[in-house]
Amino acid sequence: MKIVVIQGPNLNMLGIREKNIYGPMKLEDIHAQMKAFADQNKTEIEFFQSNLEGEIVDRIQECIGDADGIIINPAAYTHTSIAIRDAIAAVQIPTIEVHLSNIYQREEFRHKSLTAAVCAGQITGMGPFGYHLAMVGMTQILSEVAAMKEHQAKAQAAAQQK
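Novice: Run through unusual backbone geometry, naming residues and quoting values.
Specialist: One non-glycine residue, Asn 10, lies in positive phi territory at about 75 degrees. Here Asn 10 lies in the loop between β1 (2-7) and α1 (19-22). For Asn 10, a relative accessible area of 36% translates into the label partly exposed. Residue Gln 92 is not a glycine yet carries a positive backbone phi of 55 degrees. Take Gln 92: it is sitting in the loop between α4 (82-91) and β4 (95-99). Take Gln 92: its relative accessible area is 71%, and that puts it in the exposed class.

Structure below.
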């Protein structure tokens, strides 16, 4: 099982920028916690961060055949990127959207997520713990997908034996 974590613009500045909104934790620290959870659950995890919309779209598309799940914080692109939304929809890989701050308590223009509708879920306002919640959620989703595939394979095998 492999999860790809995609981080959008300015998240490389965590721990430096607007600590009153995003907290003091650096992106590397968040990733280290996610890696520890992944290791405990025998899950492969890969991290990607870009400030460029096209690179994020490319990385989402590269997940086809390579990843079982995506955890994404599109950051400011959440509110503006139809391209990222379309890429998430196109790959048909379970995706969870994460935001450190509660986007619904912030400026009006941040209240609309273009990407949430094509994600399995959205976690917002929980700070760095939101990424842990996303890992728990994604592990559950992928376990359910695996169980469903196993059930379908057994049903198909039983049908072929008749």
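Novice: Go over the side chain of Ser 50 with me, naming the residues and quoting the values.
Specialist: Residue placement: Ser 50 occurs in the loop between β2 (44-49) and α3 (53-62). By relative accessible area, Ser 50 is classed as buried at 3%. Polar side-chain contacts of Ser 50 include one of 2.6 Å to the side chain of Glu 55.

Novice: Lay out the environment of Leu 14 in plain terms, naming residues and giving numbers.
Specialist: Tracing the backbone shows Leu 14 in the loop between β1 and α1. For the pair Leu 14 and Lys 149, spaced 135 residues apart in sequence, the C-alpha separation works out to 39 Å. Once residues lying within four places of it in the same chain are set aside, the contact partners of Leu 14 are Tyr 22, Met 25, Lys 26, Leu 27, Ile 30 and Leu 100.

Novice: Residue-level account of the sheet that holds strand β5 (residues 121-124), with values.
Specialist: In spatial order, the strands read β2-β1-β3-β4-β5; together these five strands make up an open sheet with parallel pairing. Every interior strand has two partners, whereas the edge strands, β2 and β5, have only one. Direction aside, the axes of adjacent strands within the sheet are offset by 20 degrees on average. Two strands pair when backbone bridges link them, and β1 and β2 are joined in this way by six bridges, in the parallel orientation. Among the inter-strand pairings, Lys 2 is bridged to a residue of β2, identified as Glu 44. Helix-sheet contacts for α3 involve β1, β2 and β3 (69-73), and the interaxial angle to β1 is about 175 degrees.

Novice: Lay out α4 in plain terms, naming residues and giving numbers.
Specialist: Taken residue by residue, α4 has Ile 84, Ala 87, Ile 88 and Val 91 as its buried positions. Looking down the long axis of α4, one finds its buried residues gathered within 100 degrees of arc, a one-sided arrangement. Exposed residues pointing more than 90 degrees away from the buried face of α4 are listed as Ile 82 and Ala 90. Buried residues along α4 sit in contact with α3, β3 and β4.

Novice: How would you sum up the nonpolar core? Please name residues and give values.
Specialist: Ranked by size, the top nonpolar core spans 22 residues in total, and within it Met 34, Ile 71, Tyr 131 and Met 135 carry the most contacts. Residue assignment for this core shows that the elements contributing at least two residues are β1, α2 (27-40), β4 and α5 (129-161). Discounting residues that sit within four places of it in the chain, Tyr 131 has contacts with Gln 7, Leu 11, Ile 30, Met 34, Ile 71, Asn 73, Val 98 and Leu 100. In this structure, Val 57, Ile 60, Cys 63 and Ile 72 belong to the second largest nonpolar core, which totals 16 residues.

Rules used in this analysis
Residues numbered from 1 in each chain as written. Predicted model: local features only at pLDDT ≥ 70, side-chain atom pairs only at ≥ 80, totals over all residues. Heavy atoms only, no water. Helix = DSSP H or I, 4+ residues; strand = E, 2+ residues; numbered from the N terminus. Buried < 20%, exposed > 50% of the residue type's maximum accessible area, 1.4 Å probe, protein only. Polar contact = N/O pair within 3.5 Å; in protein donor to acceptor, adjacent residues only side chain to side chain. Contact = heavy atoms within 4.5 Å. Pairing = 2+ DSSP bridges. Axes fitted to C-alpha atoms, helices over the stretch in contact; angles between N-to-C directions. Arc of directions from axis to C-beta. Core = buried A, V, L, I, M, F, W, Y, C linked by side-chain atoms within 4.5 Å.

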